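Given next are the chains, with one letter for each unit.
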Amino acid sequence: GKGISRKDFEKEIGAMRQRMMMQGQQVDETQLAEIQKNLLEMLINRELLYQESRKSGKKVEESAVNEEFSKWKKQFPDEAQFKNIMTMMNLSEDSIKEQIRQRISVQQLIEKEISPKIKVSEEEIKAFYDKNNDAFKQPEEVKASHILVKVDGAGDAAKKAEARKKIEEIQGKLKKGEDFATLAKANSDCPSKDRGGDLGAFGRGEMDKTFEDAAFALKPGEVSDIVETKFGFHLIKSSDKKAEKTLSYEEVKERISERLKQEKEMNEATQYSEKLKATAKIEKFLE
């Protein structure tokens, strides 16, 4: 007794296109027919599960819907951008809340009818860990701060010499025992100066190669000699360093168990909706 209108269908297609574009994915027009077909099946499955969940008589509290909506809205930096995205995706607050209401209701159904039957064995978890060992490798990482003196004017020897002199003066103050973070705040030309030059933790391939090599060569607590890159002159201080390692089975056991459980729940939910389809009257008019 419930129709999926062309308007709602096109709205879902538009929202999906926007999500793909925001993730840097191109919408392949040659695959559009297949995408539309899959989307329609998803909407049918969602409606079937939603209708089944409502048969239980359990209501979705409006406070739960509003809480989820608030969490979703917080991903946008401000009200203007939120409204802009809503307009682009042809969405309204009511339509978003209705989707949230349906999702919570379906989740309640899954938790009642499917989740209690899901079991993930120790053998399954261990087999996944052994098969995907590379996924649990943590690369070498260093945590560092820096002071940057930019070189203004490409190829200008006088300005380069001026910048070099300034970084040498800062280096002299450091050697006399002055605080690195305080000097960074007062002298650095990098936005990180507001954090005392703190760049946080980073791995190989994330920074300028010369800068990176110098940072990884330091021991925690050490300050580098003057390092020249295309940005200018740097003084780098290492605060922590972690060697490459593979997370142990015990460290990731719970994470793997949860992932396998979610995968099984998705498969069971699909099979459950297929059973509902067998007893439902479904007509499709997708051209």
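Structure: above.
So, a few notes on the structure that sits alongside this text. Numbering of residues begins from 1 in every chain and follows the order in which that chain's sequence is written. Two thresholds apply to this predicted model, a pLDDT of at least 70 for residue-level local features and 80 or more for giving and counting side-chain atom pairs, whereas whole-chain, interface and lining totals are computed over all residues. Calculated side-chain values reflect all of the structure's heavy atoms, with hydrogen atoms and water omitted.

A few words on the overall build of the chain. Counting from the N terminus, the helices are DSSP H or I runs at least four residues long and the strands are E runs at least two residues long. Helix and strand counts for the chain stand at 10 helices and six strands. The C-alpha atoms of the chain give 28 Å as radius of gyration, which overshoots the globular expectation for 287 residues (19 Å, by more than 25%). A principal-axis box enclosing the C-alpha atoms of the chain has dimensions of 80 × 50 × 40 Å. Note on classification: 1.4 Å probe, protein chains only; a residue is buried when its accessible area is under 20% of the maximum for its type, exposed when over 50%, partly exposed between these limits. Residues counted as buried form 35% of the 287 residues belonging to the chain. Summed over its atoms, the accessible surface of the chain is roughly 18700 Å², and 48% of this surface lies on carbon and sulfur atoms. The globule rule is 2.2 Å times the number of residues to the power 0.38, and the radius of gyration it is compared with is taken over C-alpha atoms. Here the open area of atoms and residues is found with the Shrake-Rupley method and a 1.4 Å probe, where only the protein chains shown may cover a residue.

This part covers helix α10 (residues 249-278). Between its terminal C-alpha atoms α10 stretches 42 Å, which fits the 44 Å expected from 30 residues at 1.5 Å a residue. Looking only at α10, the buried set comprises Tyr-249, Val-252, Ile-256, Ser-257, Leu-260, Glu-265, Ala-269, Ser-273, Leu-276 and Lys-277. Expected helix span is taken as 1.5 Å per residue step, with the number of steps being one fewer than the number of residues.

Remark: a regular strand shows side chains that alternate across the two faces of the sheet. Sheet topology places strand β2 (residues 141-150) next to strand β5 (residues 232-242); 10 bridges connect them, and they run antiparallel. Within β5, the residue paired with Lys-143 across the bridge is Asp-240. DSSP calls a pair of strands paired once it identifies at least 2 bridges connecting them. The sheet contact formed by strand β4 (residues 227-229) and β5 spans three bridges and is antiparallel. Considered in β5, the bridge of Thr-229 is made with Gly-232. Between the end of β4 and the start of β5, which pair antiparallel, lie two residues.

The term salt bridge refers to a side-chain nitrogen of Lys or Arg lying within 4 Å of a carboxyl oxygen of Asp or Glu. Counted by the stated rule, this structure contains 24 salt bridges. The salt bridge partner of Glu-68 is Arg-103, with a shortest N-O separation of 3.8 Å. Of this pair, Glu-68 sits in helix α3 (residues 62-73) while Arg-103 sits in helix α5 (residues 93-113); the two residues are 35 residues apart in sequence, bridging distant segments of the chain. Taking the relative accessible area as the measure of exposure, Arg-103 reaches 48% and is therefore partly exposed. Here Lys-137 makes a salt bridge to Asp-134, at a shortest N to O gap of 3.5 Å. A single network of salt bridges, built from pairs that share partners, joins Glu-140, Arg-204, Lys-209, Glu-212 and Asp-213.

What follows deals with the nonpolar core. Buried Ala, Val, Leu, Ile, Met, Phe, Trp, Tyr and Cys residues that are joined via side-chain atoms within 4.5 Å together make up what is termed a nonpolar core. Phe-9, Leu-39, Leu-49, Val-106, Ile-110 and Ile-114 are the most contacted members of the largest nonpolar core, which has 16 residues in total. Sorting the residues of this core by element identifies α1 (6-22), α2 (32-55), α5 and α10 as the ones contributing at least two each. The element contributing the most residues to this core is α2, with seven residues. Note on contacts: a residue pair qualifies if any of its non-hydrogen atoms lie within 4.5 Å across the two residues. The contacts of Leu-39, once residues within four sequence positions are left out, are Phe-9, Glu-12 and Ile-13.

Moving on to the packing of α2 against α10. As a packed pair, α2 and α10 sit with axes 9 Å apart at the nearest point and diverge in direction by 80 degrees. Taken together, the axes of α2 and α10 are roughly perpendicular relative to one another. Contact residues: α2 offers Glu-41, Ile-44, Asn-45, Leu-48, Leu-49 and Glu-52, while α10 offers Ala-269, Tyr-272, Ser-273, Leu-276 and Lys-277. Convention adopted: a line fitted to C-alpha atoms gives each axis, helices being fitted over their contacting stretch, and angles between N-to-C directions are expressed from 0 to 180 degrees. To sort the angles, those under 35 degrees are grouped as roughly parallel, those over 145 as roughly antiparallel, those from 65 to 115 as roughly perpendicular, and the leftovers as oblique.

Here the focus is the sheet that holds β5. One open sheet accounts for four strands, arranged β3-β2-β5-β4; its pairing is antiparallel. Bordering the open sheet on either side are β3 (198-203) and β4, each of which pairs with just one other strand. Sheet twist, expressed as the mean angle between neighbouring strand axes with direction ignored, is 45 degrees. Sheet strands touched by helix α7 (residues 157-175): β2, β4 and β5. Its angle to β5, the strand with the most contacts, is close to 40 degrees. Docked against the sheet, helix α8 (residues 180-187) engages β2 and β5, running at close to 40 degrees with respect to β2.

Time to look at the side chain of Gln-36. Within the secondary structure, Gln-36 sits in helix α2. Not counting residues within four places of it along the chain, the set of residues in contact with Gln-36 comprises Phe-9, Ile-13 and Leu-286.

Moving on: the packing of α1 against α2. Across the interface, α1 lies against α2 with an axial gap of 11 Å and an inter-helix angle of 115 degrees. For the pair α1 and α2, the sense of crossing is right-handed. In this structure, α1 uses Phe-9, Glu-12, Ile-13, Met-16 and Arg-17 to contact α2, whose residues at the interface are Leu-32, Ile-35, Gln-36, Leu-39, Leu-40, Leu-43 and Arg-46. Any residue outside Ala, Val, Leu, Ile, Met, Phe, Trp, Tyr, Cys, Pro, Asp, Glu, Lys and Arg is labelled polar, Gly included; the first ten of those are nonpolar and the last four are charged. For the contact of α1 with α2, the residue count by class is eight nonpolar, one polar and three charged. Helix crossings are classified by the rotation of the near helix relative to the far one: an anticlockwise turn of less than a right angle makes the crossing left-handed, while a clockwise turn makes it right-handed.

An ideal rise of 1.5 Å per residue puts 24 Å on 17 residues; α1 measures up with 24 Å between its terminal C-alpha atoms. By the burial criterion, the buried members of α1 are Phe-9, Lys-11, Glu-12, Ile-13, Ala-15, Met-16, Gln-18 and Met-20. On the buried face of α1, the contacting elements are α2, α4 (79-88) and α5. At the exit of α1 stands Gly-24, carrying a positive phi of roughly 80 degrees.

Functional significance is not addressed by these values, which are geometric in nature.
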